[in-house]
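Below are the chains, spelled out letter by letter.
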Amino acid sequence: MIPSILPTYNRAALQFVKGEGSWLIEADGRRFLDMGAGIAVNALGHAHPALVAALTEQAGKLWHVSNLYRIPEQQDLADRLVAATFADTVFFTNSGTESCELAVKMARKYWYDIGQPDRTDIITFNGSFHGRSSAGIAAAGSEKMVKGFGPLLPGFVHLDWGDHDALHAAINDRTAAILIEPVQGEGGIRPLPDHCLKGLRALCDETGTLLILDEVQCGMGRTGRLFAHEWAGVDPDIMMVAKGIGGGFPLGAVLATENAASGMTAGTHGSTYGGNPLACAVGSAVMEVLTAPGFLDDVRARAGDLRQKLEGLVAAHPDVFIGVRGSGLMLGLVCKPSNLDVVAACYAEQLITVPAGDNVIRLLPPLNISDRDIAEAVNRLDRAATTLEAKSS
Ligand SMILES: *Cc1c(COP(=O)(O)O)cnc(C)c1O
């Protein structure tokens, strides 16, 4: 008999009933150190006082009115995002995959409106993840995600990640945009080197192609900059955001330059919930914290500390960990045994990590995790690795 919840998830036998900062409390009372943060969503940990205050205050005033009316909370968040980024304009969604939908539509509409309606192809890369909508799965194109769900949305060209020659050869007069994650998340925490992102920007400029960055996972302070592309010193034309922007409340956004967004006039796109007062009040509270002086400096310092400790862990457990990679507080440990076994061994130590592609476990802690909790996480990883070694010998 089918369960009352559609069985599309492989869930761990854990149920959390409360969160406090970087800690989750299980129904049986055990405390778990949360290095997953709801898959990079709880950017400020659980029950952050400023977010709780923003949410409860707005909840007592107004939740939803629809985009038939002006929404001051949405205006405030849009102004903050525009002030802090390359973008001239913002559209609010409720999730990463909805941001993907709009990014694709926006790129196609741009070319249509300037009289080149055949430029509809979006170039994407193997190992990428852009969400589970029809555009998202067609964009990523992996067998696992698309099998049985055809016919797929046409117009995506899939290339091998890092194959520069193939990329140069693939751009032609049907290319609308290149879509890429600056740091692949689900694919296994693979950062695009800065010089590659610079090269992509240059290639887009030469060919007039739009550059769409998917910063759903690596954005919102995760890498120690507000957005990951800032490390390379180049800007996209369109950027997808979600996950951390709501700090745990469902919220997403598409940020764009005035030029790239020029086709998106009144009536061309919409969302009932997108940019509702409740979500935007929380989003502004998140932005307030992330853009406060010194906050991202602290993230970078913490990230350096964690990375150094993880390098030591890899050196100490070569039969469990092959290496560490990533950027900021978006780190991956490449595993020797199955990454699922490593995640399970971490659960046994009351430590939350998240599996990813390429046999990696992800560490995506709250950006404001304490130094003490970082040290504790590494201790627990060390114990988990020791257990795995004992089992295999
Ligand atoms: C999670 C994720 C998405 C999809 O976001 P949803 O909110 O689950 O729809 C898209 N792109 C990237 C890079 C992601 O990590």
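Computed from a prediction, not measured in an experiment: that's the story for all the values here.

Reading guide: rules and limits
In this convention, every chain numbers its residues from 1, walking through the sequence in written order. Only residues with pLDDT of 70 or above have their local features reported here, since the model is predicted, and side-chain atom pairs are shown and tallied only from 80 upward, although totals for entire chains, interfaces and linings are computed over all residues. Working from all heavy atoms in the structure, the side-chain values ignore hydrogens and water. Stacked, tilted and edge-to-face are the three classes assigned to paired rings of Phe, Tyr and Trp, where Trp is represented by its six-membered ring and a pair needs centres within 6.5 Å; plane angles under 30 degrees give stacked, over 60 edge-to-face, the rest tilted. Elements are defined by DSSP. Helices are runs of H or I of four residues or more, strands are runs of E of two residues or more, and each kind is numbered from the N terminus. Burial classification: accessible surface area is computed with a 1.4 Å probe over protein chains only, and a residue below 20% of its type maximum counts as buried, one above 50% as exposed, and the rest as partly exposed. Here the limits of each domain have been adopted from an automatic or database domain assignment. Residues are treated as being in contact if the distance between any of their heavy atoms lies within 4.5 Å. Summed over both partners, buried area is the accessible surface (1.4 Å probe) that two parts give up on being assembled. Any carboxyl oxygen of Asp or Glu that lies within 4 Å of a side-chain nitrogen of Lys or Arg is treated as forming a salt bridge with it. Two N or O atoms count as a polar contact when they lie within 3.5 Å, although within protein this holds only if one can serve as hydrogen donor and the other as acceptor, and sequence-adjacent residues are included solely when both atoms are side-chain atoms. A single heavy atom is enough: if one lies within 4 Å of a molecule or strand, its residue is considered near that molecule or strand. Here the nonpolar group is Ala, Val, Leu, Ile, Met, Phe, Trp, Tyr, Cys and Pro; Asp, Glu, Lys and Arg are the charged ones; every other residue, Gly included, is treated as polar. Multiplying 1.5 Å by the helix residue count minus one yields the expected span of that helix. Directions drawn from the helix axis to the C-beta atoms are what define this arc.

Peer 1: Give a description of the packing of aromatic side chains that names residues and reports values.
Peer 2: Under the definition given, this model contains two aromatic pairs. Measuring from centroid to centroid gives 5.4 Å for Phe16 and Phe32, while their planes differ by 75°, and the two rings are edge-to-face. A residue pair is termed long-range when its members are at least 10 positions apart, and Phe16 in strand β1 (residues 16–20) and Phe32 in strand β3 (residues 31–34) qualify at 16 residues. Owing to a relative accessible area of 31%, Phe16 belongs among the partly exposed residues under this scheme.

Peer 1: Describe the domain arrangement of the protein, naming the residues involved and giving the relevant values.
Peer 2: When its domains are assigned, the protein resolves into domain 1 (16–34 + 294–392) and domain 2 (50–290). When each unit is reduced to the centre of its C-alpha atoms, the spacing between domain 1 and domain 2 is 28 Å. With 20 residues of domain 1 in contact, the opposing surface of domain 2 contributes 21 residues. A combined buried area of about 1600 Å² lies between domain 1 and domain 2, and 62% of that area is made up of carbon and sulfur atoms. Considering only the side of domain 1, the residues that lose the most area to domain 2 are Leu296, Met330 and Arg362, jointly responsible for 36% of the buried surface there. At the surface where domain 1 touches domain 2, the tally comes to one salt bridge. Here Glu186 ties to Arg362 by a salt bridge, and the two come within 2.9 Å at their closest N and O atoms. Put simply, domain 1 and domain 2 have nine residue pairs in polar contact (both at pLDDT 80 or more) between them. For the side of domain 1 that touches domain 2, the secondary-structure elements that each account for two or more residues are α10 (295–316), β13 (321–327), β14 (330–335) and β17 (360–363). In terms of residues, the side of domain 1 that touches domain 2 owes the most to one element, α10, which gives four residues.

Peer 1: For the site of the ligand, give the residues involved together with the corresponding values.
Peer 2: For the ligand, the full set of nearby residues is Ser95, Gly96, Thr97, Phe129, His130, Gly131, Glu181, Asp214, Val216, Gln217 and Lys243. Contact between the ligand and Thr97: an oxygen atom at 2.8 Å from a main-chain N or O atom of the residue. Within the backbone of Phe129, one N or O atom sits 3.1 Å away from a nitrogen atom of the ligand. When grouped by side-chain class, the residues that make up the shell around the ligand number two nonpolar, six polar and three charged.

Peer 1: Explain helix α8 (residues 194–207) to me, using residue names and the numbers behind them.
Peer 2: An α-helical turn contains 3.6 residues, so a residue and the one three or four places further along point in the same direction. Across its 14 residues, α8 extends 20 Å between first and last C-alpha, which sits within 8% of the 20 Å expected from 1.5 Å per residue. Among the residues of α8, those classed as buried are Cys196, Leu197, Leu200, Arg201, Leu203 and Cys204. For α8, the angular spread of the buried residues around the axis is 165°, confining them to a single face. The exposed residues of α8 that point more than 90 degrees off its buried face are His195, Asp205 and Glu206. Among the structural elements, α7 (164–170), β7 (175–180) and β10 (210–214) are those in contact with the buried residues of α8. Once α8 ends, the next one or two residues include Gly208, with phi positive near 75°.

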